[in-house]
Amino acid sequence: MQYQTRLVSHFKDRSIDQHGTGWSELWDSNQNDLWDRGYASPPLLEFITTKPDVLAARSSCGRRRTVLIPGCGRGYDPVMLALHGFEAYGLEISQTAVATARRYADAQMKEPSAYNFWTSSDKERVPAGEVTILEGDYFKDNWLEGIKGEHKNFDAVYDYTFLCALPPELRKAWADRAAQMVRAGGLLICLEFPLWKERDLPGPPWGLDGVYWNLLAQNGNGIDGVGDGGAAAPNARFTREFYIQPQRSYEQGRGADRLSVWRRTPN
Ligand SMILES: C[S@@+](CC[C@H](N)C(=O)[O-])C[C@H]1O[C@@H](n2cnc3c(N)ncnc32)[C@H](O)[C@@H]1O
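Each value, and the rule that gives it
- Residues numbered from 1 in each chain as written.
- Predicted model: local features only at pLDDT ≥ 70, side-chain atom pairs only at ≥ 80, totals over all residues.
- Heavy atoms only, no water.
- Helix = DSSP H or I, 4+ residues; strand = E, 2+ residues; numbered from the N terminus.
- Rg over C-alpha atoms; globule rule 2.2 N^0.38 Å.
- Buried < 20%, exposed > 50% of the residue type's maximum accessible area, 1.4 Å probe, protein only.
- Contact = heavy atoms within 4.5 Å.
- Areas by Shrake-Rupley, 256 points an atom, 1.4 Å probe, with all protein chains shown as cover.
- Lys, Arg positive; Asp, Glu negative; His and termini not counted.
- Charge placed at Lys NZ, Arg CZ, Asp CG, Glu CD.
- Axes fitted to C-alpha atoms, helices over the stretch in contact; angles between N-to-C directions.
- Parallel < 35°, antiparallel > 145°, perpendicular 65-115°, else oblique.
- Left-handed = near helix turned anticlockwise from the far one by under 90°.
- Nonpolar A, V, L, I, M, F, W, Y, C, P; charged D, E, K, R; others polar.
- Near = heavy atom within 4 Å.
- Polar contact = N/O pair within 3.5 Å; in protein donor to acceptor, adjacent residues only side chain to side chain.
- 1 Å grid on protein atoms, 1.4 Å probe; cavity = no way out; pocket = protein on both sides within 12 Å on 5 of 7 lines; lining within 4 Å.
- Sits in = over half its atoms within 2 Å of the grid points.

Draft legend 1. Structural detail: the overall build of the chain. Looking only at helices and strands, the chain has eight helices and seven strands in total. Its C-alpha radius of gyration of 17 Å places the chain within 12% of the 18 Å reference for a compact globule of 267 residues. With 267 residues in all, the chain has 52% of them scored as buried. Put simply, of all contacts in the chain between residues at least 6 apart along the chain, 69% involve residues at least 24 apart. Total accessible area on the chain is roughly 12100 Å²; 48% of this is exposed by carbon and sulfur atoms. Of the side-chain charges in the chain, 31 are positive and 34 negative, and the distance between the mean point of each set is 4 Å.

Here you go:
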């Protein structure tokens with residue numbers, strides 16, 4: 001497919017520490033059409049709408065729950081979550097992406113599009129929360145200053161087209177960072193994509209079939225032993241509570257997308 005070829009050739013032969021700059025170049029030259037889906041993740045919307053007992057926008061004491069979306073792009077998912085009452089944070093390494101997402105957030109919080117709601121009546125029912133778009137590198141700490149309140153971790157983190165955008169050598173670091181960012185008892189929610197793409201083909205996006213299980217349940221590095229199945233490690237930092245075939249997802253998922261929902265253990 002053409003979009004893969006352009007992305008793959010843009011990142012070909014780039015060293016790992018040049019990937020962030022690579023994404024910023026794409027944003028600065030208006031090439032975000034290569035991955036921009038145009039609307040919030042339907043499987044995430046389905047999850048928060050159908051399972052409010054698992055992830056509600058407010059805790060039992062009335063505190064707004066916090067959600068981080070690293071590599072949030074134009075900000076579709078943080079905005080959708082804020083429209084459902086969450087305190088949502090989008091994080092982007094690209095300055096241009098941050099400016100674009102802030103404009104999008106301002107416009108949508110005033111006049112939301114219908115795609116942000118599972119049914120049209122939800123729009124009237126749900127009181128909005130807040131969205132903040134931060135600039136920074138997920139693997140560094142300086143952007144954490146922009147988080148309100150004393151806690152510098154989150155009730156939930158959502159991953160969509162972020163892990164698949166990272167070179168495979170960074171997968172272990174991604175999992176370690178997720179374990180820091182999700183508070184004990186909180187959730188890591190992953191829209192697993194692309195599951196149809198063979199893992200040894202070049203990316204981005206890199207094929208992720210079996211990768212989340214290896215990283216999160218088996219404490220693997222997301223490269224060796226992936227796809228062999230196998231049991232979860234007793235000292236895993238996450239346990240998988242749901243593995244959902246969503247009713248609706250993006251056509252780029254080719255019907256293979258799965259939403260995996262992981263609880264952070266105290267390990
Ligand atoms: C494939 S795009 C997906 C964007 C968004 N999730 C979406 O679905 O539209 C990956 C995004 O991650 C951002 N990104 C890449 N590395 C990052 C990092 N280390 N920290 C924060 N953002 C990063 C890029 O700028 C890019 O916008």
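Draft legend 2. Structural context of the packing of helix α4 (residues 76–83) against helix α5 (residues 95–110). Close contact between α4 and α5 brings their axes to 10 Å; oriented N to C, the two are set at 30°. It follows from the interaxial angle that α4 and α5 lie roughly parallel. Pair α4 / α5 crosses with right-handed handedness. Residues Tyr76, Val79, Ala82 and Leu83 of α4 form the contact with α5, whose participating residues are Tyr104, Ala105, Gln108 and Met109. The residue makeup of the contact of α4 with α5, split by class, is seven nonpolar, one polar and no charged.

Draft legend 3. Region of the structure containing the site of the ligand. Taken together, 15 residues form the shell around the ligand, and within it Trp27, Gly71, Glu92, Asp137 and Thr161 come nearest. Contact between the ligand and Glu92: an oxygen atom at 2.6 Å from a side-chain N or O atom of the residue. Within the side chain of Asp137, one N or O atom sits 3.0 Å away from a nitrogen atom of the ligand. Relative to its free-state accessible area of 600 Å², the ligand is covered by the protein chains to the extent of 95%. Placement of the ligand is best described as lying within the largest pocket. Residue composition of the shell around the ligand, grouped by class: nine nonpolar, four polar and two charged.

Draft legend 4. Summary view of the packing of helix α3 (residues 42–50) against α4. Running from N to C, α3 and α4 point in directions that differ by 20°, and their axes come no closer than 11 Å. The angle between α3 and α4 falls in the class roughly parallel. For the pair α3 and α4, the sense of crossing is right-handed. Along the contact surface, α3 presents Leu44, Leu45 and Ile48, while α4 presents Asp77, Met80 and Leu81. Here the residues of the contact of α3 with α4 sort into five nonpolar, no polar and one charged.

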